[in-house]
Amino acid sequence: MAKLLQAPPKCLLTEWHIANKMQCARTESQKSRSERVTAESQRLVDETEKTTQKTQSDVNKKIEQRLEEIKFWKQELDDKLEQIVKETEVLLTFKTRLEKALESCKEPLVIAQQCLLNRERRAGIDLVHDEVEQELVKEAEVLQGVIALLERTLEQTNEQIRLNRSAKYNLEMDLRDKFTALTIDDYCASLTNNTPDIRYANNVVKIGGNSVSLEDWIDFSNVNIEKADKQRNSSLALRALIDRILSQTVNDMRKQFETVNVAFRNRVKEVKVAKHKLETLLAMVMDETASQEKNIAALEKAITDKEGPVKVAQTRLEARTHRPNVELCCDTVQYRLISEVQEITNNIQRLKDTLAQAKAELKGLSRRQLSLEEEIQVKENTLYIDEVLCMQMRESVSINSF
């Protein structure tokens, strides 16, 4: 118990001085280290502040540059989009022109084919492969060729419109992405250290796996622009081609249409001349028929008129056979009576032969009259087909430029 209450051992004075010195030394050392840390901290604060400000300024500058770059490409895309939209609208009007031109070819083709069918109803010698038919066949071939060409051109136009719209779609998608990127970078450019909604974000200091290089980014828009330019140039070339086709085809159609009309007019004139000649011949034949009928009547009367004299002569001869005896002699009267009977008989026979010939000629004139009348009907039928059916039908055709 006495040991527990024993006083702690006392230190030597030298130990006390040494302890004080050590405390002072440690304190001075700690103070010196703290001052160095403070000075280093201030320097670091100043340095990091300057670096941060410089970096943030550089970032702000980069964002502004990026905004300008995006705006530049967006403007390029906007320009190309406007061009391709306008070009597509113009091409659509050319498509409408093609459709109208194609529709306008159908009626002339139907009429040309109908004219060919109508002319198959010509009769006799008039059913001839004349110039009109040749030109009608050629007209039908021209119209069919024009229709085929316009249909191919219309298909090509539809395909070009599809390609234009595809290029337009790519530009619009690119512009949509550019607009989104511009909005985001505009927002980033507006941020400052005092912006209320700034915050910490985890796992953002990285490059995404779906990121592309700047070169790829530029190439992407370049490709879209080049495609739009290519399709616009193709569309311009196609429009020039359509203009040439529409101009050439309408000229070909008009030229052939007029050629057919001229052939029709010439043929109608030719048939009318032939018909007039036939009518003149018919009138001449009818006059000759009337004359021949009068001639036959005169011959028949002349034969009838000979009956009296021959009867008288034969009666006299018969009466003189009754003379008696020696009076029954061949005197001059007898010889003359015999001669008279023979003469009248010969004359009657000559008249009958001539009558038979006249009747044969009358039959020939009748046949000729019937043939001429039939041929005139053939010509009238041809004129009705060509002048009334075909030419009047063709008057409704109007070949316009589109």
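Here the structure is shown first, and the text comes after it.
Residues numbered from 1 in each chain as written. Predicted model: local features only at pLDDT ≥ 70, side-chain atom pairs only at ≥ 80, totals over all residues. Heavy atoms only, no water.

Some thoughts on the overall build of the protein
Point 1. Across its full length, the protein carries five helices and zero strands.
Point 2. Starting at the N terminus, the α and β elements of the protein follow one another as α-α-α-α-α.
Point 3. Against the compact-globule benchmark of 21 Å for 402 residues, the protein has a radius of gyration of 63 Å, which places it well outside the compact range.
Point 4. Seen through its principal axes, the protein has C-alpha atoms that stretch 245 × 45 × 30 Å.
Point 5. Within the protein, buried positions represent 28% of all 402 residues.
Point 6. In the protein, the proportion of contacts linking residues at least 24 apart, taken out of those at least 6 apart, comes to 90%.
Point 7. If you sum the accessible surface of the protein, you get close to 27300 Å²; carbon and sulfur atoms cover 55% of it.
Point 8. Looking at the protein, you have 62 positive and 67 negative side-chain charges, and the mean spots of the two groups are 5 Å apart. (Helix = DSSP H or I, 4+ residues; strand = E, 2+ residues; numbered from the N terminus. Rg over C-alpha atoms; globule rule 2.2 N^0.38 Å. Buried < 20%, exposed > 50% of the residue type's maximum accessible area, 1.4 Å probe, protein only. Contact = heavy atoms within 4.5 Å. Areas by Shrake-Rupley, 256 points an atom, 1.4 Å probe, with all protein chains shown as cover. Lys, Arg positive; Asp, Glu negative; His and termini not counted. Charge placed at Lys NZ, Arg CZ, Asp CG, Glu CD.)

As for the side chain of Asn-164
Point 1. The topology assignment puts Asn-164 in helix α2 (residues 131-190).
Point 2. There is a polar contact of 3.5 Å between the side chain of Asn-164 and the side chain of Ser-235.
Point 3. Beyond its immediate sequence surroundings of up to four residues, Asn-164 is in contact with Ile-84, Glu-87, Thr-88, Leu-91, Gln-231 and Ser-235. (Polar contact = N/O pair within 3.5 Å; in protein donor to acceptor, adjacent residues only side chain to side chain.)

What about the nonpolar core?
General note: in soluble globular proteins, nonpolar side chains tend to be found buried as a group.
Point 1. By size, the foremost hydrophobic cluster in this structure holds 33 residues, and its most contacted members are Leu-150 and Ile-242.
Point 2. Looking at this core, the elements that each hand over two or more residues are α1 (13-119), α2, α3 (214-305) and α5 (332-394).
Point 3. Setting aside its immediate chain neighbours within four residues, Ile-242 contacts Leu-91, Phe-94, Leu-98, Thr-153 and Thr-157.
Point 4. Counting residues in each nonpolar core, the second largest holds 14 residues, with Trp-73, Leu-81, Ile-84 and Ile-225 among its members. (Core = buried A, V, L, I, M, F, W, Y, C linked by side-chain atoms within 4.5 Å.)

A closer look at the packing of aromatic side chains
Point 1. What the rule picks out here adds up to one aromatic pair.
Point 2. Its guanidinium or amino end placed over the ring of Trp-217, Arg-66 lies 3.8 Å from that ring's centre, counting from NZ or CZ.
Point 3. When the ring centre of Phe-94 is taken as reference, the NZ or CZ atom of Arg-97 above it lies at 4.7 Å. (Phe/Tyr/Trp six-rings, centres within 6.5 Å; stacked < 30°, edge-to-face > 60°. Lys NZ or Arg CZ within 6 Å of the ring centre and 35° of its normal.)

Points about the pattern of salt bridges
Point 1. A full pass over the atoms with the stated rule returns 30 salt bridges.
Point 2. Of the charged contacts in the structure, one is a salt bridge between Glu-103 and Lys-106, with a shortest N-O distance of 3.3 Å. With Glu-103 and Lys-106 both in helix α1, this residue pair falls three residues apart, about one helical turn.
Point 3. A salt bridge links Arg-119 to Asp-386; its shortest N-O distance comes to 2.8 Å. You can see Arg-119 sitting in helix α1 and its partner Asp-386 sitting in helix α5, a full 267 residues away along the chain.
Point 4. For Asp-386, a relative accessible area of 1% gives the class buried.
Point 5. Here the salt bridges do not stand alone but share partners, grouping Arg-119, Arg-122, Asp-130, Glu-133, Arg-267, Glu-270 and Asp-386 into one network. (Salt bridge = Lys/Arg side-chain N within 4 Å of Asp/Glu carboxyl O.)

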